[in-house]
Amino acid sequence: MNNIFAIAREEARLWLRSRLALGALLVFALLLTATSWMTANRMSHELAHRAGQQALAEETFLAQPDRHPHRMVHYGHYVFRAPPPLSIIDPGVDSVTGQSIFLEGHRQNTAMFADAGAGANLGGFEELTAALAYQLFVPLLLIAIGHGLVIREREENTLAPLLAQGVSGTALCAGKWLALAGVALALLLPLVVLAVAAVPASGEGLAGAGLVSLYALYLLIWCGLIVLVSTAVRSRALALGVLALCWLGAALIVPRMAVESASSAMPTPGKLQTDLRMQADLREVGDGHNAGAPQFRQLQANLLAQYEVDRVEDLPVNFRGVVAEVAEADLTEVMNRYAEERMALESRQARFAEAFGWLSPVVAVSSGSRALAGTDLATHHRFLREAEAVRFDFVQGLNRVHVEQLTYTDDINRSIDEASQRATRMSAENWNVLDEFAFQPASVDERFAHASAPFAMLLAWLLLLGGGGLVAAKRLRP
């Protein structure tokens, strides 16, 4: 054990004496610090901006004047997905899925104001974030300073004397790995600072610790790969070439294959085709604006029988409001069914793509990072469901005002009679059916459950490379 620490210490001293290695470390440390600061600053700005927009949307809705309640149904409302605290490390899908939705009666709108196009690849280079820097660029630094760890001993003719003095190949490689791992863990300091900064505002210390641990495990995997290659080959150029190919495959090729394979294996139906199918189902439900539609005849008969009257004008409730309420519930059921089908398909595609983490640790760490930060696809789906719940509640709340506070006679005459028009203008106090919206990501336990598979993949990678390194170390010869 003393030999291992002595080798690691000597390697660290060598790097400190090397201007190239020290300069590279300083440059990357500055890059990580700057990137982390910019990501944190941007997401903090987004949080404040979206919170302000949400408050303004609610204030604007509640400030609307007296009017017919169905006018407010179509006036609509905006909700915004506030970024979670740990998004300062990994914004995840924030830039490609949209952050706000316009809510209105009779339809479900898609999220808007994404920074990138809808077809953007989640593994692309839309913006440099702290997560992306750790996933892609820190491994490059480790490769640059570590590819010759063991090869240098051969080139300087010090390997044979070390082995002759009783230093085993296993101890030598373990010491080299320990030195490189120390550098990798030291580079995690900006990430630790970001995680600690997010914790006081969120109380998510466990999630922050899990995120740091995930990246520590990921960088240790690269350290293991670098030492393994440096032990197995006899040329710096060959080692650097092999490691560069490994980086290209893990960081660029396999993530692209994952996305393309998921799309090919589980193709998404065309929007036009889906919309036509849904519109056909919605026509079966009936148009809630037309109380005389055939779909509502049985509803009318049931109400007349229930209240023992012969005409809808004699009902104690506004039949047009009842139709609007029932139609909205039926329409929402149809729209939710199609929305759940789409989200289920997207989730299957995401799981299929994440399975490529067995082929690339970059895929594994990126999916685990998004899950722990609360910025993954599941979080976006959670936002869509919560937004739909708000939409349905405020629309049905306004429909209830339509049912209970407007008479049927005034309602059908409001376009031709001024007195009826005034009678159907409800007080703005009724607009308080709108609930405040404050989106929250899933619980920490749920996020850890989503990240369990990526953690397992990274542990498997570490064990595999550790085993390979052990075999190579035992076979180490001058």
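Keep in mind it's a predicted model, so treat the numbers as computed, not measured.

Thresholds applied
- Residues numbered from 1 in each chain as written.
- Predicted model: local features only at pLDDT ≥ 70, side-chain atom pairs only at ≥ 80, totals over all residues.
- Heavy atoms only, no water.
- Helix = DSSP H or I, 4+ residues; strand = E, 2+ residues; numbered from the N terminus.
- Rg over C-alpha atoms; globule rule 2.2 N^0.38 Å.
- Contact = heavy atoms within 4.5 Å.
- pLDDT = per-residue confidence, 0-100.
- Patch = residues over 30% accessible without salt bridge, like charges linked within 9 Å, V, L, I, M, F, W, Y side chains within 5 Å.
- Areas by Shrake-Rupley, 256 points an atom, 1.4 Å probe, with all protein chains shown as cover.
- Salt bridge = Lys/Arg side-chain N within 4 Å of Asp/Glu carboxyl O.
- Buried < 20%, exposed > 50% of the residue type's maximum accessible area, 1.4 Å probe, protein only.
- Axes fitted to C-alpha atoms, helices over the stretch in contact; angles between N-to-C directions.
- Parallel < 35°, antiparallel > 145°, perpendicular 65-115°, else oblique.
- Nonpolar A, V, L, I, M, F, W, Y, C, P; charged D, E, K, R; others polar.
- Pairing = 2+ DSSP bridges.
- Core = buried A, V, L, I, M, F, W, Y, C linked by side-chain atoms within 4.5 Å.
- Left-handed = near helix turned anticlockwise from the far one by under 90°.

Let's talk about the overall build of the protein
Reasoning step 1: Helices and strands together make up the secondary structure of the protein, namely 19 helices and three strands.
Reasoning step 2: The C-alpha atoms of the protein give 31 Å as radius of gyration, which overshoots the globular expectation for 478 residues (23 Å, by more than 25%).
Reasoning step 3: Projected onto its principal axes, the C-alpha positions of the protein cover 105 × 40 × 30 Å.
Reasoning step 4: Look at the contacts in the protein between residues 6 or more apart in sequence, and 82% of them connect residues 24 or more apart.

Points about the confidence of the model for the protein
Reasoning step 1: On average, residues of the protein carry a pLDDT of 88, and 96% of them reach 70 or more.
Reasoning step 2: For the protein, helix 4 (residues 94-97) is the element with the lowest average pLDDT, namely 79, and helix 15 (residues 361-373) is the one with the highest, namely 96.

Observations regarding a nonpolar patch on the surface
Reasoning step 1: A grouping of Leu245, Leu248, Leu252, Ile253 and Met257 is seen on the molecular surface, where their side chains present a nonpolar patch of about 440 Å² in accessible area.
Reasoning step 2: Structurally, Leu245 can be placed in helix 11 (residues 236-265).
Reasoning step 3: On the accessibility criterion, Leu245 (59% relative accessible area) is exposed.

Notes on the packing of helix 11 against helix 15
Reasoning step 1: Remark: helix 11 packs on helix 15, axes separated minimally by 8 Å, with the N-to-C direction vectors making an angle of 75°. Taken together, the axes of helix 11 and helix 15 lie roughly perpendicular to each other. Contacts from Ala250, Ala251, Val254 and Pro255 of helix 11 reach helix 15 at Pro361, Val362 and Val363.
Reasoning step 2: Looking at the contact of helix 11 with helix 15, its residues break down into seven nonpolar, no polar and no charged.

Description of the sheet that holds strand 1 (residues 77-80)
Reasoning step 1: Pairing is antiparallel in the open sheet, where three strands are placed in the order 1-2-3. Taken across any chain shown, the strands that pair with only one partner, and hence form the sheet edges, are strand 1 and strand 3 (107-108).
Reasoning step 2: Strand direction decides the pairing type here: strand 2 (residues 100-104) and strand 3, joined by two bridges, are antiparallel. Paired with Glu104 across the two strands is Arg107, which belongs to strand 3.
Reasoning step 3: Packed onto the sheet, helix 16 (residues 377-405) meets strand 1, strand 2 and strand 3 and runs at close to 25° relative to strand 2.

Things to note about unusual backbone geometry
Reasoning step 1: Residues other than glycine seldom take positive phi values, yet His106 does so here, at roughly 75°.
Reasoning step 2: Looking at the element boundaries, His106 is found in the loop between strand 2 and strand 3.
Reasoning step 3: In this model, Glu308 sits at a positive phi of 55°, which is unusual for a non-glycine residue.
Reasoning step 4: For Glu308, the location among the structural elements is in the loop between helix 13 (297-307) and helix 14 (319-354).

Things to note about the nonpolar core
Reasoning step 1: Judged by nonpolar contacts, the single largest core of 83 residues is most densely connected at Leu142 and Trp222.
Reasoning step 2: With 18 residues, the top contributor of residues to this core is helix 10 (residues 205-232).
Reasoning step 3: In this structure, Leu142 is in contact with His147, Leu180, Val183, Ala184, Leu219, Trp222, Cys223 and Ile226, ignoring residues within four places of it in sequence.
Reasoning step 4: Counting residues in hydrophobic clusters, the runner-up holds 22 residues, among them Ala387, Leu406, Leu434 and Phe439.

A word on the pairing of strand 2
Consecutive side chains of a regular strand alternate in pointing toward one face of the sheet and then the other.
Reasoning step 1: Taking burial as the measure, the five residues of strand 2 include five buried ones, the bulk of the element.
Reasoning step 2: What you see with strand 2 is no split at all: Ser100, Phe102 and Glu104 on one side and Ile101 and Leu103 on the other are buried throughout.
Reasoning step 3: Pairing analysis gives four bridges linking strand 1 to strand 2, with the strands arranged antiparallel. Note that in strand 2 the partner of Val79 across the bridge is Ile101.
Reasoning step 4: Between strand 2 and strand 3, which follow one another and run antiparallel, lie two residues, and His106 among them has a positive phi close to 75°.

Thoughts on the packing of helix 8 (residues 169-186) against helix 10
What describes two packed helices is the angle between their axes and the distance between those same axes.
Reasoning step 1: Running from N to C, helix 8 and helix 10 point in directions that differ by 145°, and their axes come no closer than 9 Å. Classified by chirality, the crossing of helix 10 by helix 8 is right-handed. Between helix 8, through Cys173, Lys176, Trp177, Leu180, Ala181, Ala184 and Leu185, and helix 10, the contact on the second element is made entirely by Ala216, Leu219, Leu220, Cys223, Gly224, Ile226, Val227 and Thr231.
Reasoning step 2: Residues belonging to the contact of helix 8 with helix 10 are distributed by class as follows: twelve nonpolar, two polar and one charged.

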